[in-house]
Amino acid sequence: MRRLITILSPVLAALIAAAGLSGAAEAAANGRLNAYYGQRLAWSGCGSGFQCAKLTVPLDYARPGGRRISIAMVRLPATGRRIGSIVLNFGGPGGAGTTILKADRTVMSAAVRQHFDVVSFDPRGVGASAPVRCLSPLGLDAYFAADPTPDNAAEVKRAKAWMKIFAQGCAANSGKQLLAHVGTGEVARDLDVMRAALGEARLTYFGFSYGTYLGARYADLFPTRIRAMVLDGAEDPGQTLAEFGAAQERGFRLARESFLRDCFRARNCPFPRHTVAAATRRLEALYQRADRAPLRNDGDSRQVNEAILRAGVNQAMYAKDSWPYLRQALTLAFKGDGTAMLALADVNHGRRPDGSYDNSGEALAAVNCLDHPEQRCAYWPVKGKGFTRKVRAHGSPPIVVVGTTRDPATPYELARRLAGQLEHGVLLTHDGDGHTAYKGGSSCLDRQIDQYVITARAPRPGACARL
């Protein structure tokens, strides 16, 4: 442990200097951070072969002697000759890694699971790690159903009112102190404390979607502490939130067109005129119809309006396996029954069958408002302290970036940009549909990634491209 502390000191000094500390205060803060890095995790069984633990981190890294929070962690021990731990982040921001990993123990291949403890965690502000909370379930029902395309002054006023209600709810139910410290920069620092607590001199990491943004920020802060890093479904850290939103809109449009072309080949396609333009017009007409008068819902008392329909369609774009269900749901929706579309929207919003919500939507807003203060999040109770700049990760080993050509949420162009920014970025391409690529249909790509994770030797760029 003494060696890790020695290596850590220059980085700690830089962080402390950025916080405006010096002299005796710097020495004291340095010692308190070293104490976090010196902890060891107390793993205990938590069902089905998994083990769970809590990692202690400071709420504010500039004041490590202040409030502490616990980060929930889970691991699936290696099945064979162990190399180390691989840490996964499944995206969001707002994805609860402990829940996701326990729901799918095969998210990594058998070859990787043989050699690595597979570890995931709930980032600060998420799930069981000091979660952000904003509204009651009924409040979230109404918030997620708010009109996404206000057409007049009255509708604009109602939309702004909901933004204010949401922000005030976050302040009241989470507290400004927590809201000020759930940004990606702090999660990246938590990840380095986690690395040390796992007993790893260098981190093996796999990030999906937003997890690529987190991984890229970690790489920029701690480039020499990486053993292997895979960033699948990449974001471009150099973009503003508005630029990312515009790219994502292009990605979802491309994915919808791919869905429609696939639909035209199916017997139960609800679009009688088999052209993308005609089908798109019919879908837009359905949105407008639901905006005027919500569709029928046989499940509960909620209305299936435009916001719900758009959320349902977008949710189905994440995985091609969802397309048959979407065809059936749209067939019913065109007949006035929105019940099946509501079920898709509930998945998108993190609503459970009992009417409760996970906090993914609330955490997403809180993290984005910190990471992207240039957006001036309306009514948000704390100031953002984010960064919109490219990453370099000077001195890192090769980092593998994976892009899918028709990915709706993280368009392929972003993977190319991230790989180009990194000093040692290696781009792998999956010519396919859906969000992220690993274990998504390309055995070639899966083998390339597995070999890299196990050996830490990077593949050739574009090794599995079919463009």
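This section reports on the structure supplied with the text. (Residues numbered from 1 in each chain as written. Predicted model: local features only at pLDDT ≥ 70, side-chain atom pairs only at ≥ 80, totals over all residues. Heavy atoms only, no water.)

To continue, consider the packing of helix α13 (residues 323-334) against helix α14 (residues 339-349). Viewed as axis vectors pointing N to C, α13 and α14 meet at an angle of 135°, and their least axial separation amounts to 7 Å. Taken together, the axis directions place α13 and α14 in an arrangement best described as oblique. Of the residues in α14, those touching α13 at Y325, L326, A329, L330, L332 and A333 are A340, M341, A343 and L344. In terms of residue class, the contact of α13 with α14 is made up of ten nonpolar, no polar and no charged. (Axes fitted to C-alpha atoms, helices over the stretch in contact; angles between N-to-C directions. Helix = DSSP H or I, 4+ residues; strand = E, 2+ residues; numbered from the N terminus. Parallel < 35°, antiparallel > 145°, perpendicular 65-115°, else oblique. Contact = heavy atoms within 4.5 Å. Nonpolar A, V, L, I, M, F, W, Y, C, P; charged D, E, K, R; others polar.)

Overall, mixed pairing links the nine strands, which are arranged β1-β2-β3-β5-β4-β6-β7-β8-β9 in an open sheet. The open sheet terminates on both sides in strands that have one partner only, identified here as β1 (44-45) and β9 (425-433). As judged from the three bridges shared by strand β7 (residues 226-232) and strand β8 (residues 399-406), these two strands associate in the parallel manner. Paired with D232 across the strands is V402, a residue of β8. The strands touched by helix α9 (residues 210-221) are β4 (84-89), β5 (116-121), β6 (203-208), β7 and β8; relative to β7, the strand with the most contacts, the crossing angle is about 150°. (Pairing = 2+ DSSP bridges.)

So, on to the packing of aromatic side chains. Summed over the entire model, instances satisfying the criterion amount to eleven aromatic pairs. Geometrically, the ring pair formed by F206 and Y438 is tilted, given 5.2 Å between the ring centres and 50° between the ring planes. Here F206, found in strand β6, pairs with Y438, found in the loop between β9 and α17 (443-455); they are 232 residues apart in sequence, far enough to count as distant. Each of the two residues, F206 as well as Y438, counts as buried. Aromatic ring contacts, followed pair by pair, group F90, F206, F208 and Y438 into a single cluster. Note that R282 overlies the ring of F334, its terminal NZ or CZ placed 3.8 Å from the centroid. (Phe/Tyr/Trp six-rings, centres within 6.5 Å; stacked < 30°, edge-to-face > 60°. Buried < 20%, exposed > 50% of the residue type's maximum accessible area, 1.4 Å probe, protein only. Lys NZ or Arg CZ within 6 Å of the ring centre and 35° of its normal.)

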